[in-house]
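Residue-level listing of the chains:
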Amino acid sequence: MTTDTGTAPATSTIRSKGALIPFQASSGGVMLLIVAAMAFLACFALAGALATTRIAATWTDGLAGQATVRVDATEDDRARRISLVLDILRDTEGIVDARALSERDVADLLTPWFGGTPDLGELPAPGIVAVTLDPLDEPDPSVVQARLDGASAGAIYDDHGRWRNRAARAARAIGSLSWWALGLTIAAIAGAVFLVVSIAMSAHRGTIEALRLSGAEDRFVANLYQKRFFWLGGLGGLIGSGLAFAAFAGLDALASVRAALPMLDAPYYWPLAWAGIVIACGGIALLAARLAVMTTLRHRG
Amino acid sequence: MIQFENVGFRYKRGPEVLQNVDLEIPAGSFQFITGASGAGKSSLLRMLYLDAEPSSGRISLFGRDVTTLTRDEIAWFRRRIGVVFQDFRLLDHLSAAENVALPLTVAGVRESAYRDNVTEMLHWVGLGDKMDVRPPELSGGEKQRVAIARAVVASPDIILADEPTGSVDPAMAERIMALFVEMNRLGKTVLVASHDLAMIEQHKLPINTLQGGTVVVGTPKKRRSA
Ligand SMILES: Nc1ncnc2c1ncn2[C@@H]1O[C@H](COP(=O)(O)OP(=O)(O)O)[C@@H](O)[C@H]1O
Ligand SMILES: [Mg+2]
């Protein structure tokens, strides 16, 4: 230790880099592992949430504004019925345009289902009318159907609503699950920090008491923990999200996730998102540490 | 500055340690508290450094009823009170100098601003060569001197010392008492708790004797003749 030479440099500093609170290196390591794992999971939850939101929007947007009317009729009656249907549709509020598809159009539509070029002569091909809806004022499908029935047109109106609703509902459900997963990982980080800080404070009881007796306010004590856990949280976030981003970039299996998130391809996006996640992890850890210290100190009285 | 009105004190579910204590310590005075071991000297000081509240009666400190202070106010009051604890309460993971600097560190003073002050204090208590030594490697007397340096370094308004000469030789005890006298001359209120009557009697200063849980005012001579 110090030798009694009396030649200690007069400019030596008193505050060493040593912390006022003797933190255990091992608890820091555990904290780092937990936050890194949670940040890794949070990245997938976040990607899932963003991707499903976008997919749902694509599906609904892609199908919105369109409807079809199928006209069942014999060959000789078809033209009359179609023109009757077109008149009704064009006269309906919320419908912008109605157009009868040619046999060629119908054949193109059916190709994926039948393979090759279907010979329509062998099938009773229905007349199909493509309807363009006013996206801001879509008509009530039951009202349109009622009007068609009123004219005995033998026509069936379909705005793809059922399929649209189900697809959108499924995407929204997956999306909200992802948001929940993200929320839970954040809660898990906060909870783990709260627990680790509370345990550390029991170990540091004497030190904290000495600080308080020397005139430290609660927020001074809180700052010591906040600072450490902000850095631990940030570093854990850096590691965890770094691994997740590497997985996004590297795994072919995740190409579809990437495809649904075109912003990931923007050059500025990656460092920005990465920095955001790192700061968020640090911030969550900081707040949880502060809450733990303040709660514990108040409780001790 | 310090006023006790009919103060009673007990530890949780324990018997009454102090009762009917009336005490007035004006600003700028130097007084002793004496009494046998277990008489309640340390408990009385604890209430003064706001680590315990009276169970009855009223203690006023700097003009405030101590039971009305918020946690922040308690911290700010403690910055105006330097305490030498009977058990020192040094932090083993900090050097002697860091321990002495603690009241300044927690008050937000920068190291560059207090460095000379702390160095001087440690030299004064004869530990100029032990600045970087941690308490576990110090003797009892050396720890006591670190605790004394810490109590006075921030120039507090009140100095409370609990058996401050308990672990040092007579020569150092005299030096420590001289330091308190000097602090008092600079206008600080000093309250020293000690069972060492021989040391106390050397000073012609007011003595409060704790006996049977309450304060018997008077000099040791009066007490002896009683
Ligand atoms: N933390 C404590 N809890 C319960 N009883 C205590 C505590 N500290 C001291 N006491 C009791 O309070 C009485 C007064 O103790 P103390 O104030 O330390 O006396 P002194 O400092 O005069 O020796 C003693 O009977 C002691 O046993
Ligand atoms: Mg005592």
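Predicted model only: the values in this text are computed from it and were never measured.

**A short note on the coordination of the magnesium ion (ligand 2)**
For a metal bound by four donors in tetrahedral geometry, the ideal donor-metal-donor angle is 109.5 degrees, whereas six donors in octahedral geometry ideally sit at 90 or 180 degrees. Residue and element names in this part refer to chain B. The magnesium ion (ligand 2) binds to the protein through Ser-42 (OG) and Gln-86 (OE1); the donor distances cover 2.0 to 2.2 Å. You can see Ser-42 sitting in helix α1 (residues 41–48) and its partner Gln-86 sitting in the loop between β6 (81–84) and α3 (96–106), a full 44 residues away along the chain. A residue is classified by how much of its surface remains accessible, and Ser-42, at 26% relative accessible area, is partly exposed.

**Notes on the pattern of salt bridges**
Residue and element names in this part refer to chain A. Evaluation of the coordinates by the stated rule reveals 20 salt bridges over all chains. The closest approach of N and O atoms between Arg-80 and Asp-77, which form a salt bridge, is 3.0 Å. A residue pair is termed a helical-turn pair when its members lie 3 or 4 positions apart in one helix, as Arg-80 and Asp-77 do in helix α2 (residues 75–90) at three residues. By relative accessible area, which is 48% here, Arg-80 ends up partly exposed.

**Structural notes on the nonpolar core**
Grouped together as the largest cluster of nonpolar side chains are 45 residues, with contacts concentrated most on Met-31, Val-193, Val-197, Leu-211, Tyr-225, Phe-229 and Val-293 of chain A. Elements with a contribution of two residues or more to this core: α1 (25–63), α5 (161–203), α6 (205–213), α7 (218–250) and α9 (269–300) of chain A together with α3 of chain B. With twelve residues, α9 of chain A is the single largest residue contributor to this core. Counting residues in hydrophobic clusters, the runner-up holds 41 residues, among them Leu-90, Ala-147, Met-172 and Leu-179 of chain B.

**A closer look at the site of ligand 1**
All names here are of chain B. Taken together, the neighbourhood of ligand 1 is formed by Tyr-11, Val-17, Ala-36, Ser-37, Gly-38, Ala-39, Gly-40, Lys-41, Ser-42 and Ser-43. Tyr-11 places a side-chain nitrogen or oxygen 3.4 Å from a nitrogen atom of ligand 1. Between an oxygen atom of ligand 1 and a main-chain N or O atom of Ala-39, the distance comes to 3.3 Å. Here the shell around ligand 1 gets three residues from one element, more than from any other, and that element is α1.

**Brief notes about the sheet that holds strand β2 (residues 95–100) of chain A**
All names here are of chain A. With respect to topology, four strands assemble into an open sheet ordered β2-β3-β1-β4, the strand pairing being antiparallel. The open sheet has two free edges, formed respectively by β2 and β4 (155–158), since each of these has just one partner strand. Averaged over all neighbouring strand pairs, the angle between strand axes comes to 20°, with direction disregarded. Pairing geometry for β2 and strand β3 (residues 127–133), over five bridges, is antiparallel. Pairing of Ala-100 across the sheet is with Val-129, part of β3.

What counts and what doesn't
Residue numbers restart at each chain and count upward from 1, following the sequence in its written direction. Chains carry letters and ligands carry numbers; both start at the beginning, A for chains and 1 for ligands, and go up in the order they are written. Confidence filtering applies because this is a predicted model: local features only for residues at pLDDT of at least 70, side-chain atom pairs given and counted only at 80 or more, and all residues used for totals across whole chains, interfaces and linings. Side-chain calculation: all heavy atoms of the structure are included, whereas hydrogens and water are not. Excluding water, the donors of a metal are its N, O and S neighbours within 2.8 Å, or within 3.2 Å for Na, K and Ca, and that exclusion means sites may look incomplete. Helix numbers and strand numbers start at the N terminus; a helix is a DSSP run of H or I with at least 4 residues, a strand a run of E with at least 2. Accessibility here uses a 1.4 Å probe with only protein chains present; expressed as a share of the type maximum, an area under 20% marks a residue as buried, one over 50% as exposed, and anything in between as partly exposed. In the sections that follow, a salt bridge refers to a side-chain nitrogen of Lys or Arg positioned within 4 Å of a carboxyl oxygen of Asp or Glu. Only buried residues count toward a nonpolar core. Its members are Ala, Val, Leu, Ile, Met, Phe, Trp, Tyr and Cys residues joined through side-chain atoms within 4.5 Å. The nearness test applies per residue and asks whether one of its heavy atoms lies within 4 Å of the molecule or strand. Identification of polar contacts relies on pairs of N or O atoms within 3.5 Å, with a donor-acceptor requirement for protein atoms, meaning one able to donate a hydrogen and the other able to accept it, and with residues adjacent in sequence counted only if both atoms are side-chain atoms. The rule for pairing is simple: two strands pair if DSSP sees at least two bridges between them. Axis definition: a line fitted to C-alpha atoms, over the contacting stretch in the case of helices. Angles run 0 to 180 degrees between N-to-C directions.

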